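# Chain and residue survey
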Amino acid sequence: MRLRNIPGAKDAIEDSKYVVHDVQEKKGKWAEVFGNHNPVHIEVGMGKGRFIMTLAELYPDVNFIGIEMYDSVLLRALQKREEQEKEGKILNNLFFIRMDARELPLVFEKGEVKKIYLNFSDPWPKERHAKRRLTSRQFLERYQQVLDAEGVVEFKTDNRELFEFSLEEVKEAGWKLLAHTFDLHHDEAMNKGNVMTEYEEKFSSQGNPIHKLIAGQ
Ligand code: SAM
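Calculation rules
Residues numbered from 1 in each chain as written. Predicted model: local features only at pLDDT ≥ 70, side-chain atom pairs only at ≥ 80, totals over all residues. Heavy atoms only, no water. UniProt positions renumbered as here; feature names shortened; annotations may be inferred. Helix = DSSP H or I, 4+ residues; strand = E, 2+ residues; numbered from the N terminus. Contact = heavy atoms within 4.5 Å. Near = heavy atom within 4 Å. Polar contact = N/O pair within 3.5 Å; in protein donor to acceptor, adjacent residues only side chain to side chain. Nonpolar A, V, L, I, M, F, W, Y, C, P; charged D, E, K, R; others polar. Salt bridge = Lys/Arg side-chain N within 4 Å of Asp/Glu carboxyl O. Buried < 20%, exposed > 50% of the residue type's maximum accessible area, 1.4 Å probe, protein only.

### Considerations on the UniProt feature "binding site: substrate" (unreviewed entry) in the protein
Under the feature "binding site: substrate" (unreviewed entry), the UniProt entry names Lys126, Asp158, Thr197, Glu198, Tyr199 and Glu200. What stands out for the annotated residues spanning 75 residues is how far apart their C-alpha atoms range, the widest pair being 25.1 Å apart. Inspection of the secondary structure assignment puts aspartate 158 in the loop between strand 5 (147–157) and helix 7 (160–172). The contacts of aspartate 158, once residues within four sequence positions are left out, are Phe120, Phe203, Asn208, Pro209, Ile210 and His211. In this fold, glutamate 200 is placed in helix 9 (residues 198–205).

### Examining the site of the ligand
Around the ligand sit 19 residues in total, of which Gly45, Glu68, Ala101, Asn119 and Thr197 are the nearest. Glycine 45 is positioned such that a nitrogen or oxygen atom in its backbone is 2.9 Å from a nitrogen atom of the ligand. Looking at the shell around the ligand residue by residue, the class counts come to 10 nonpolar, 4 polar and 5 charged.

### Section: the pattern of salt bridges
By the definition in use, this model includes 13 salt bridges. Glutamate 201 is the salt-bridge partner of arginine 50, the closest N and O atoms lying 3.3 Å from each other. Highlighted residues: arginine 50 in helix 3 (residues 50–58) and glutamate 201 in helix 9, separated in sequence by 151 residues. A salt bridge links glutamate 200 to lysine 156, with the shortest nitrogen-to-oxygen separation between them at 2.6 Å. With a gap of 44 residues between them, glutamate 200 in helix 9 and lysine 156 in strand 5 connect regions that are remote in the sequence. It is possible to trace a salt-bridge network through shared partners that takes in Lys10, Asp71 and Arg98.

### A word on the UniProt feature "binding site: S-adenosyl-L-methionine" (unreviewed entry) in the protein
The feature "binding site: S-adenosyl-L-methionine" (unreviewed entry), as given by UniProt, occupies Glu43, Glu68, Asp100 and Asp122 in the numbering adopted here. Taken along the chain, the residues just named run across 80 residues; in space they keep tight, none of their C-alpha pairs more than 13.9 Å apart. By secondary structure assignment, the location of glutamate 43 is in strand 1 (residues 40–44). We classify glutamate 43 as buried; its relative accessible area is 1%. Excluding residues that lie within four positions of it along the chain, glutamate 43 makes contacts with Phe51, Ile52, Ile65, Gly66, Ile67, Tyr117 and Asn119. Summarising the element assignment, glutamate 68 is placed in strand 2 (residues 63–68). For glutamate 68, the residues in contact, after removing those within four places along its chain, are Gly45, Met46, Gly47, Val73, Leu74, Ile97, Arg98 and Met99.

Given below as structure tokens:
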């Protein structure tokens with residue numbers, strides 16, 4: 001997702017209390033940022049943020065961080081959050097970061113993250129761009145550098161090619177495939193407690209099956 005450049009987005013992000021800045025200085029100190037030792041779950045490529053905002057509301061004992069690389073997209077999440085606060089929904093367990101997920105190991109210490117969510121990640125269909133896919137072995141290696149030993153990656157997509165590529169990469173990288181389905185919304189066990197993302201709602205309403213995998217190291 002890349003929205004048209006929105007004038008003022010950069011300043012709004014810099015001024016926002018929901019966004020953590022100078023994130024490399026927070027490495028190893030995320031418990032201080034949140035003020036508690038609850039587990040940290042991150043979403044990489046959160047888009048407009050509905051998924052992670054819903055999770056933060058449902059699970060107050062988990063610390064959530066939404067990561068997005070584009071100002072214009074992150075701004076939408078900030079706006080949504082501001083609207084929710086006006087309606088009285090205050091979330092103390094959720095922050096946002098504007099950054100490229102390639103930098104994850106600079107921002108989190110090994111073991112600081114318990115779960116990584118990847119939802120409807122960009123497919124990068126050209127073979128020469130494979131390493132940009134968020135489920136490529138290069139990204140799995142980065143996730144390994146920040147995840148707790150028991151930590152997992154949960155990935156959803158409607159893109160069959162990307163999903164099959166991801167299953168292969170999990171195997172090649174020596175990770176364990178803990179669960180997977182090619183049709184999440186018709187898989188009672190895996191769909192239990194599922195929170196839909198903006199993309200998931202759009203694609204499933206068009207009749208596309210949603211694929212999901214859970215992988216651990
Ligand atoms: N997760 C949302 C959903 O399911 O509705 C948005 C999906 S959108 C297709 C993918 C998002 O990932 C985009 O907003 C894009 O900017 C972001 N993204 C892609 N690569 C990224 C990276 N390397 N680091 C951070 N964000 C990234």
